[in-house]
Amino acid sequence: MKKRPSFRHSAHRVIGDLTITEHADGHDEMHFNHATRLSIVLQIEHSSHIAWDDAVEDIDALRGFMPLHDRGRWLEREKSHAMRIEISRHAVVHRIPALEKMSHISFSTSSIPGSLLLVTARHLCQEEHDENVHPATIRRMSSHLVDLLDTTLRANLASDDVADRRALQRMSVRDYIEANISDCELSPQTIAKHFDISQRNLYQIFGHADGTLGNWILRRRLERARQAITDPAQQHLPVGEIGKRYGFRSAAHFSRRFREAFSIPPGELRQKIHPVH
């Protein structure tokens, strides 16, 4: 009889920060260290069990489960078919800080978005299908898998709780603003269009009255610009270039807004923090 390898698996793939494994014929016991890496189990057939402290979680077919505590064991199963995704903890929790307060999260893979996560993970795990696929395409697909995981977790967290759903949507809006702060066209109108919602709905999600979201964007532009101006590593950049990087159309507009906010022109602040001798 052929000896089964340790940590039995039928397919295994490492793509950048991601490790994807398919266990089609059971699996040995595995210990998780969730201080640095997170493991997501996507059960395809039969069931499996994750234990920590005195608790045991049953993972049924077409369910996903992600422990978030430091200790955990995926108990050995002779009859189980599951996918396992490993990813750095920071890559997930940085996107969804609310996860830091949770011990675990479970979700369905029988309907979207969880079903898309499962299908994409299985396809990416099969290297033999990639002979004619450019490596850059595989990397983009792995990034797509991380986005699907993010979407699946957020959908489950939102549940039917309107307050929680709005908190997550607000987090997504703020993440989008921070990522696009250099776009001078960034506004409540363009943000609402990106999320395919009305401006009224956007203001409700953000929790402020009409017009305040625009002021919040301006404040974040100015705060980011002030950080850059006082950063010794960016002293070589002209003040106007820094303003442009954070979404101001002209140096004059940037200087006027900066002075209104901080009672000092940006160039004068730089000279005060980093005097030229």
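Within each chain, residues carry numbers counting from 1 in the order of the written sequence. At least 70 in pLDDT is required for a residue's local features to be given in this predicted model, at least 80 for side-chain atom pairs to be given and counted, and no such filter applies to totals for whole chains, interfaces and linings, which use all residues. To obtain the side-chain values, all non-hydrogen atoms of the structure were included, while hydrogens and water were left out.

*Asks:* Would you mind going over the overall build of the protein chain with me for this structure?
*Replies:* Comment: elements are numbered from the N terminus, with helices defined as DSSP H or I runs of at least four residues and strands as E runs of at least two. Each helix and strand counted, the protein chain has ten helices and nine strands in total. It only takes one pair of heavy atoms within 4.5 Å for two residues to be counted as in contact. Intrachain contacts of the protein chain at a sequence separation of at least 6 include 67% that bridge at least 24 residues. For every accessible area listed, the method is Shrake-Rupley and the probe measures 1.4 Å; residues are considered covered only by the protein chains on display. As displayed, the protein chain offers around 15,300 Å² of accessible surface, 50% of which is attributable to carbon and sulfur atoms.

*Asks:* Explain the pattern of salt bridges here, please?
*Replies:* Pairs can form between side chains of opposite charge once their charged atoms are near each other. The working definition used for a salt bridge is a side-chain nitrogen of Lys or Arg within 4 Å of a carboxyl oxygen of Asp or Glu. Under the counting rule described, the total for this entry stands at 16 salt bridges. For Arg224, the salt bridge is made with Glu178, and the minimal N-O distance between the two is 2.6 Å. Of this pair, Arg224 sits in helix H7 (residues 212-229) while Glu178 sits in helix H4 (residues 162-179), placing them 46 residues apart in sequence. Through salt bridges with shared partners, one network takes in Arg95, Asp147, Asp150, Arg154 and Asp175.

*Asks:* Got a minute to help me understand empty space enclosed by the protein in this structure?
*Replies:* To find leftover empty space, a probe the size of one water molecule is rolled over the atoms. Space inside and on the surface of the protein is sampled on a 1 Å grid over the protein atoms alone, with a cavity defined as a set of points where a 1.4 Å probe fits but cannot get out and a pocket as an open set with protein on both sides within 12 Å along at least 5 of 7 lines; lining residues have an atom within 4 Å of a point. Grid points are joined across faces, edges and corners, and a volume is the space filled by probe spheres set on the points. Under the definition given, this model contains one cavity of 30 Å³ or more. By volume, the largest cavity is sized at about 40 Å³. Lining the largest cavity, in full, are Ala91, Val92, Arg95, Ile96, Val146, Leu149, Asp150 and Leu153. Residue assignment for the lining of the largest cavity shows that the elements contributing at least two residues are helix H1 (89-93) and helix H3 (135-158). No other element matches the four residues that H3 contributes to the lining of the largest cavity.

*Asks:* How should I be thinking about the packing of aromatic side chains in this particular structure?
*Replies:* Remark: the centre distance and the inter-plane angle together describe each pair of aromatic rings, the angle taken between the planes. Two rings from Phe, Tyr or Trp (for Trp, the six-membered ring) form a pair when their centres sit within 6.5 Å of each other. Planes less than 30 degrees apart are called stacked, planes more than 60 degrees apart edge-to-face, and all others tilted. Applying the stated rule across the entire model yields four aromatic pairs. Taken together, a centroid distance of 5.6 Å and an interplanar angle of 75° make the contact between Tyr176 and Phe195 edge-to-face. Here the residue Tyr176 occupies a position in helix H4, and Phe195 occupies one in the loop between helix H5 (188-194) and helix H6 (199-206), the gap between them amounting to 19 residues. Considering the side-chain rings of Phe248 and Phe254, the 5.1 Å spacing of their centres and the 45° angle between planes classify their relative orientation as tilted. The residues Phe248 and Phe254 share a single accessibility class, namely buried. When accessible area is computed with a 1.4 Å probe and restricted to protein chains, residues below 20% of their type maximum are described as buried, those above 50% as exposed, and intermediate ones as partly exposed.

*Asks:* It is not clear to me how H7 should be interpreted in this structure. Could you clarify?
*Replies:* Helical periodicity: at 3.6 residues per turn, an α-helix aligns residues three or four positions apart in one direction. Take the number of residues in a helix, subtract one, and multiply by 1.5 Å to get its expected span. End to end, H7 covers 26 Å across 18 residues, agreeing with the expected 26 Å (1.5 Å per residue, within 8%). Turning to H7, its buried residues are Leu213, Trp216, Ile217, Arg220, Arg221, Leu222, Ala225, Ala228 and Ile229.

*Asks:* When you look at the side chain of Ser88 in this model, what are you seeing that I'm missing?
*Replies:* Its place among the elements puts Ser88 in strand S8 (residues 80-88). Apart from the residues within four sequence positions on either side, Ser88 is in contact with Asp17, Thr36 and Arg37.

*Asks:* Honestly, unusual backbone geometry in this entry has me stumped. Any pointers?
*Replies:* Note on backbone geometry: most residues besides glycine have negative phi, and most peptide bonds are trans. Between Ile112 and Pro113 the backbone carries a cis peptide bond, its omega angle lying at 5°. With respect to the secondary-structure elements, Pro113 resides in the loop between strand S9 (104-108) and helix H2 (114-125). A positive phi is found at Asp196, a non-glycine position, where the angle reads about 55°. Within the secondary structure, Asp196 is located in the loop between H5 and H6. Non-glycine residue Ser263 carries a positive phi angle of around 60°. Within the secondary structure, Ser263 sits in the loop between helix H9 (251-262) and helix H10 (266-273).

*Asks:* Can you walk me through the pairing of S8 in this structure?
*Replies:* Each regular strand carries side chains that alternate between the two faces of the sheet. Burial analysis of S8 places eight of its nine residues in the buried class, the great majority of the element. Here nine bridges tie strand S4 (residues 37-52) to S8, and the two strands are oriented antiparallel to one another. Within S8, the position partnered with Val41 by the bridge is Arg84. Here the rule is simple: two strands pair whenever DSSP picks up at least two bridges between them.

*Asks:* What is the right way to read the environment of Leu124 from this model?
*Replies:* Assignment of secondary structure puts Leu124 in helix H2. With a relative accessible area of 5%, Leu124 lands in the buried category. On a C-alpha basis, the gap between Leu124 and Arg139 in space is 9.9 Å, while along the polypeptide they are 15 residues apart. If we ignore the near neighbours within four places in the chain, the residues touching Leu124 are Arg13, Ile15, Ile20, Ile138, Met141, Ser142 and Leu145.

*Asks:* Is there a simple way to explain the packing of H7 against H9 in this structure?
*Replies:* The axes of two packed helices give the description: the angle between them and the distance between them. Across the interface, H7 lies against H9 with an axial gap of 11 Å and an inter-helix angle of 95°. In this view, H7 runs roughly perpendicular relative to H9, as classed from their interaxial angle. Residues Leu218, Leu222, Glu223, Ala225, Arg226 and Ile229 of H7 pack against Phe254, Arg257, Phe258, Ala261 and Phe262 of H9. Tallied by class, the residues present in the contact of H7 with H9 amount to eight nonpolar, no polar and three charged. In this analysis an axis means a line fitted to C-alpha atoms, helices contributing only their contacting stretch, and an angle means the value between N-to-C directions, from 0 to 180 degrees. An angle counts as roughly parallel when it lies under 35 degrees, as roughly antiparallel when it exceeds 145, as roughly perpendicular when it falls between 65 and 115, and as oblique in every other case. When residues are sorted by character, Ala, Val, Leu, Ile, Met, Phe, Trp, Tyr, Cys and Pro go into the nonpolar class, Asp, Glu, Lys and Arg into the charged class, and all the rest, Gly among them, into the polar class.

*Asks:* How should I be thinking about the layout of surface pockets in this particular structure?
*Replies:* Estimates place the volume of the second largest pocket at around 240 Å³. Taken together, 14 residues form the lining of the second largest pocket, with Leu186, Gly214, Ile217, Leu218 and Arg221 sitting closest to its centre. If you list the elements that add at least two residues to the lining of the second largest pocket, you get H7 and H9.

From the geometry alone we can't say anything about function, so treat these as descriptive.
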